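A closer look at the structure
Each chain, letter by letter, is given below.
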Amino acid sequence: MRDVENRNVVELGSFLASSGGWEFAGKNQTEIYGWVQKELVKWEYVQQDKKERGVIRAYLEKMTGLSVSQMTRLIEQYRCRGRIERRAGDRNRFT
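Presented here is an overview of the structure given in this document. This structure is a prediction, so every number in the text was calculated from the model and none was measured. (Residues numbered from 1 in each chain as written. Predicted model: local features only at pLDDT ≥ 70, side-chain atom pairs only at ≥ 80, totals over all residues. Heavy atoms only, no water.)

Description of the packing of aromatic side chains
In total, this model carries 1 aromatic pair according to the counting rule given. Between Trp35 and Tyr59 the ring centres are 5.9 Å apart and the planes differ by 55 degrees, which places this aromatic pair in the tilted class. You can see Trp35 sitting in helix H2 (residues 29–42) and its partner Tyr59 sitting in helix H3 (residues 50–64), a full 24 residues away along the chain. With respect to burial, Trp35 and Tyr59 carry one shared label: buried. (Phe/Tyr/Trp six-rings, centres within 6.5 Å; stacked < 30°, edge-to-face > 60°. Helix = DSSP H or I, 4+ residues; strand = E, 2+ residues; numbered from the N terminus. Buried < 20%, exposed > 50% of the residue type's maximum accessible area, 1.4 Å probe, protein only.)

Regarding the layout of surface pockets
Of the pockets and cavities examined, the largest pocket occupies roughly 440 Å³. Of all the elements in the fold, those that place two or more residues in the lining of the largest pocket are H2 and helix H4 (68–81). A per-element tally of the lining of the largest pocket places H4 first, with 5 residues. Residue composition of the lining of the largest pocket, grouped by class: 5 nonpolar, 4 polar and 6 charged. (1 Å grid on protein atoms, 1.4 Å probe; cavity = no way out; pocket = protein on both sides within 12 Å on 5 of 7 lines; lining within 4 Å. Points joined across faces, edges and corners; volume = space filled by probe spheres on them. Nonpolar A, V, L, I, M, F, W, Y, C, P; charged D, E, K, R; others polar.)

Structure follows, in structure tokens:
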């Protein structure tokens, strides 16, 4: 995914309104997580107002194809740790 130029949150909202039938997705989970983290930093997500954060969140969900709950987990991980990374699953396995 690449950016064409600098945008603002208002333009982002109009993009979401006009892209009704479009869907986008990343190649793999590592690429998606890296892109989401880069976008959260670029848009200064933590410093935005609630309405602007909602627009940014909707944009990230649309571009990555992640669900609302998945995006909530990623954003919370970014806010707590300052980065988004894959976590290894703690599964019981046979030796």
